[in-house]
Amino acid sequence: MVGTPSLFLVRDLVTERLSQQPQDKLQTALQHINAEPAYSYLGALGVNLFDFVPATPPGLIDPTDSGRRYDAHAAIWRELFTILSDPNAQDDPERNILSVLRRVRALIRQISDIADEEDLLKFVPLQDDMERFEDDQEIIEDFIPRLTNDAVFAPIFDLITIASRPFAAVEEGENLVAPDLWAVRDHLSAFRTGAFAERLVTRAQEVFDATGDRRFLAYAYGFKMSYCGKATGSPFISSIVGSVPRLHWWRTRWIERFVDAWAWGFYDPGKPDALEDGSEDFQNWRSLCNAELHKRIELGDLAGANPIEVMQSTVLNRPLPDALPEDFRSFIVEAVRDIYGDDGALALVTERRVNDAVVWSWLTLWFTTSADSLGCNPPPPLSIEDGTAFFDPSTADPFEMDDDAGDDADEDAPNPLDVEPEPAPNMKKSVCGAILAVLGVVALGLLGLLPALAAIAGGIVLIVTGVKDINWPVLRRDLYVVKWYLYNALDGMNRMLVFGGLAHPFSMELDDAELRLEAPNLDSPPCGFPAGPSLFTATSTDLFPNEIWDADNLLQSWICPAAIHATGMETPPAVGFSGVGTPDLFIDRPSDPDIAGLILDHRSFPAPASWPDPGAPNIYASAVDNAIDVILREGEVPLPDLNLQGDRGIGFHAWEFADATYQLPLQIDLAS
């Protein structure tokens, strides 16, 4: 699997390359893409769009009676969004904790600017904000207990470990589930993948010839770029995972986030030069936290929509905005019906659900890549002008002219620079427990923030009414501590989401010698905390893939290599990915044509030992090179039906189990 940010980058790089090519066919494709960029980005989602089909419980019964859910991916996000919502006013987006934190950050920023300028009159317009902060205090106070309650987060872990488990992931000797009952994304990634992409182009061309409407071709070309990105990138990611999405589904998604973060920083046109030792300057790379990728698919009613209002609608199961017009919904559904039919889970692909999948994709991109969500949260400066000792600003009064005000430090105050909460008493020996410990840090940050900021806000009201004067240096000192409380809270929330596989790491974390949850009293997992580079650097895979994830033992979880929490190899072993390097290796790095094959030149099953020459490494040319070749040879050589999850290794055509039960060594046939 390849993440959406990486697929968007493939789309951008292919488009740039097309602009430099003289061939008429390539220039025509570029015209369609440039005419409807939002639809081309929608196409670049590829099969990732179908993660959210369906997004609500469909009524289709789990054939394995094991707790798997067809709406599992959306359900994970819905649970998270529910936690962020005020349970007493879920229909009020302004009471969502993200809205509150956005207002708090803006308020702190305004007060800081005024403190720097030392202009009392500028406090006058803030009176309404001060009054609103009293209400926001109540919302934060109600939110804090939810952070350290494992019962609140338990459904998310059940959805990750049980409900998200692929239907093809069974223990040895168990019956296999018919492919038409697999989750929609899994099915569309594993079967008739080339035929589906070609059908989109054929039908889109028919529409264009009849009407001149370029939306459909822009989408179809974006989808073909996504196909190439997944064909080359999924094996790359699997080599880091140590297995395949079918067997290690959540570690695959987790690694995908780190690959996306590296790729986004690396392909920044303004990327800083490498350091003197030749290493990348990760501290100054751009991060995905403010990439605003949701805006690239802002179609229909999504233009101008309030993401938090849409989030509340997902929590309350209300109708979602109309992102796609009826003709485009039908276009996608008809292509699915033409290639896959409507048996089993494929019947879940309907016009309404396709529209809602676009909305969910937009919303989750907003949550993970928008500055208006959690944002990038830079830490405050490491020192303040006074150099004074830490004190609890809620016990001092900067709004009086006594020069000694606040000089006596409160030794019992919780220093936000050194937060050490007690672990939750019901903490489990698992990632769940680890994340609860981190959320204890978040809770302490918010608990310190409230009285500190309230003291400042109350003082401002007294200034405006003329009751008090102000000591500017002490106010700046108070604000410094308040910023650290807020930083700790937001940083803890981000780390929780990163380790849960629901957010991308910041670029500065990519070269961490030990990427860890900053929580006290937390035992290291059996594999240790991984180094940042190990999570985005492919290594040659000799034994591949590892058997199914032991998801019942979360201590040995997705942050550990697959070999740590698997009982052995799925035999016979396959070639995962032969190559060592960073994600540019599969995105657009120039490759040696003597050792790297093009997708359209690959015809054998299950996969050639090597191509084009015997003994050469088993590797594809980059996604960009392949996308250009695919467009150039369109109508001459059809796309092969490759397994786009890299299952059983790079270059495998779509395959199916040969037996009715899961037996090792595995027997597979070419899929019909």
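Residues numbered from 1 in each chain as written. Predicted model: local features only at pLDDT ≥ 70, side-chain atom pairs only at ≥ 80, totals over all residues. Heavy atoms only, no water.

Undergrad: Help me get a handle on the overall build of the chain, residues and values and all.
TA: Each helix and strand counted, the chain has 18 helices and two strands in total. Sequence separation of 24 or more characterises 76% of the internal contacts of the chain that already satisfy a separation of 6 or more. Element-wise, carbon and sulfur atoms account for 49% of the exposed surface of the chain, whose accessible area totals about 25000 Å². (Helix = DSSP H or I, 4+ residues; strand = E, 2+ residues; numbered from the N terminus. Contact = heavy atoms within 4.5 Å. Areas by Shrake-Rupley, 256 points an atom, 1.4 Å probe, with all protein chains shown as cover.)

Undergrad: Describe the side chain of serine 287, naming the residues involved and giving the relevant values.
TA: Mapped onto the elements, serine 287 comes out in the loop between α11 (249-266) and α12 (307-315). Its relative accessible area of 13% is what places serine 287 among the buried residues. Among the polar contacts made by the side chain of serine 287, one reaches the main-chain amide nitrogen of serine 507 at a distance of 2.9 Å. With residues near it in sequence (within four places) discarded, serine 287 still touches Trp264, Phe506 and Ser507. (Buried < 20%, exposed > 50% of the residue type's maximum accessible area, 1.4 Å probe, protein only. Polar contact = N/O pair within 3.5 Å; in protein donor to acceptor, adjacent residues only side chain to side chain.)

Undergrad: Give a detailed account of the pattern of salt bridges, specifying residues and quantitative values.
TA: Across all of its chains, the model carries 34 salt bridges by this definition. With its nearest N and O atoms 2.6 Å apart, the salt bridge here joins aspartate 86 to arginine 95. Aspartate 322 serves as the salt-bridge partner of arginine 329, at 3.0 Å between the closest nitrogen and oxygen. For arginine 329, a relative accessible area of 5% translates into the label buried. Its relative accessible area of 35% is what places aspartate 322 among the partly exposed residues. Taken together, the shared-partner salt bridges connect Asp322, Glu326, Arg329, Arg352 and Asp356 into one network. (Salt bridge = Lys/Arg side-chain N within 4 Å of Asp/Glu carboxyl O.)

Undergrad: Please give an account of the confidence of the model for the chain that cites residues and values.
TA: Caution applies to low-pLDDT regions: their predicted coordinates should not be interpreted in detail. Here the chain shows a mean pLDDT of 85. Residues at 70 or above account for 84%. In this model, residues 386-430 is a region of pLDDT below 50 whose contacts with residues beyond four sequence positions or in other chains number 89 contacts. (pLDDT = per-residue confidence, 0-100.)

Undergrad: Please give an account of the packing of aromatic side chains that cites residues and values.
TA: By the definition in use, this model includes 33 aromatic pairs. Judged by centre distance (5.4 Å) and plane angle (80°), the rings of phenylalanine 196 and phenylalanine 223 are edge-to-face. Remark: phenylalanine 223 occurs in helix α10 (residues 215-241) and phenylalanine 196 occurs in helix α9 (residues 193-211); sequence separation between them is 27 residues. Look at phenylalanine 196 and you get buried, because its relative accessible area is 1%. Through successive ring pairs, a cluster of aromatic residues spans Tyr39, Phe196, Phe216, Tyr219, Phe223, Phe328, Phe331 and Tyr340. (Phe/Tyr/Trp six-rings, centres within 6.5 Å; stacked < 30°, edge-to-face > 60°.)

Undergrad: Account for unusual backbone geometry, naming residues and giving values.
TA: With an omega of 0°, the peptide bond between valine 53 and proline 54 qualifies as cis. Note that proline 54 resides in the loop between α3 (37-44) and α4 (72-84). Geometrically, the link from threonine 571 to proline 572 is a cis peptide bond, its omega value of -5° lying close to zero. The phi dihedral of asparagine 317 is positive, around 55°, even though this residue is not glycine. Structurally, the position occupied by asparagine 317 is in the loop between α12 and α13 (326-340).

Undergrad: Explain the environment of leucine 639 to me, using residue names and the numbers behind them.
TA: As for its position among the elements, leucine 639 is in the loop between α18 (623-632) and β1 (655-657). C-alpha separation for the pair leucine 639 and threonine 193, spaced 446 residues apart in sequence, amounts to 8.2 Å. Leucine 639 has contacts with Gly194, Ala197, Glu198, Lys224, Tyr227, Leu600 and Val630, leaving out every residue within four places of it along the chain.

Undergrad: Please provide a residue-by-residue account of a negative patch on the surface, values included.
TA: Together, Asp128, Asp129, Glu131, Glu134, Asp135, Glu138, Glu141 and Asp142 line one region of the surface with negative charge. In this fold, aspartate 142 is placed in helix α6 (residues 127-147). Among the residues examined, aspartate 142 registers a relative accessible area of 36% and is labelled partly exposed. (Patch = residues over 30% accessible without salt bridge, like charges linked within 9 Å, V, L, I, M, F, W, Y side chains within 5 Å. Lys, Arg positive; Asp, Glu negative; His and termini not counted. Charge placed at Lys NZ, Arg CZ, Asp CG, Glu CD.)

Undergrad: Give a description of the packing of α4 against α12 that names residues and reports values.
TA: Any two packed helices are characterised by the angle at which their axes cross and by the distance between the axes. Close contact between α4 and α12 brings their axes to 9 Å; oriented N to C, the two are set at 115°. In terms of axis orientation, α4 runs roughly perpendicular to α12. The handedness of the crossing between α4 and α12 is left-handed. Taken together, the residues of α12 that come into contact with α4 (itself represented by Arg78, Phe81 and Thr82) are Met311, Thr314 and Val315. Residues belonging to the contact of α4 with α12 are distributed by class as follows: three nonpolar, two polar and one charged. (Axes fitted to C-alpha atoms, helices over the stretch in contact; angles between N-to-C directions. Parallel < 35°, antiparallel > 145°, perpendicular 65-115°, else oblique. Left-handed = near helix turned anticlockwise from the far one by under 90°. Nonpolar A, V, L, I, M, F, W, Y, C, P; charged D, E, K, R; others polar.)

Undergrad: Got a sec to walk through the side chain of asparagine 355? Specific residues and values, please.
TA: Following the sequence through the fold, asparagine 355 ends up in helix α14 (residues 351-369). Among the polar contacts listed, one links the side chain of asparagine 355 to the side chain of arginine 329, at a separation of 3.4 Å.

Undergrad: Account for the nonpolar core, with residues named and values stated.
TA: Core analysis: the largest hydrophobic core is formed by 215 residues, its most contacted members being Leu42, Phe367 and Leu446. Looking at which element gives the most residues to this core, the answer is helix α16 (residues 472-499), with 17 residues. Not counting chain neighbours up to four residues away, the residues in contact with leucine 42 comprise Tyr219, Ile297, Leu299, Leu324, Phe328 and Val358. (Core = buried A, V, L, I, M, F, W, Y, C linked by side-chain atoms within 4.5 Å.)

Undergrad: Tell me what's going on with α16, and back it up with residues and numbers.
TA: Compared with the 40 Å implied by 1.5 Å per residue over 28 residues, the 40 Å span of α16 between its first and last C-alpha is a close match. Of the residues trailing α16, glycine 501 is marked for its positive phi of about 80°. (Expected span 1.5 Å × (residues − 1).)

Undergrad: Describe in detail the packing of α4 against helix α7 (residues 150-163), supporting the description with residues and values.
TA: It is at 9 Å that the axes of α4 and α7 come closest, and there the two elements cross at 170°. With respect to each other, α4 and α7 are oriented roughly antiparallel. For the pair formed by α4 and α7, the contact residues are Ala72, Ala75, Ile76, Glu79, Leu80 and Ile83 on the first element and Val152, Phe153, Pro155, Ile156, Leu159, Ile160 and Ala163 on the second. Here the contact of α4 with α7 is built from residues that sort into twelve nonpolar, no polar and one charged.

Undergrad: A description of the environment of threonine 314 should follow, citing residues and the corresponding values.
TA: The residue threonine 314 is located in helix α12 in this model. For the pair threonine 314 and glutamate 79, spaced 235 residues apart in sequence, the C-alpha separation works out to 9.8 Å. Leaving out residues up to four positions away in the same chain, threonine 314 has contacts with Arg78, Phe81, Leu320, Trp360 and Leu363. For threonine 314, the side chain forms a polar contact with the main-chain oxygen of methionine 311, separated by 2.6 Å.

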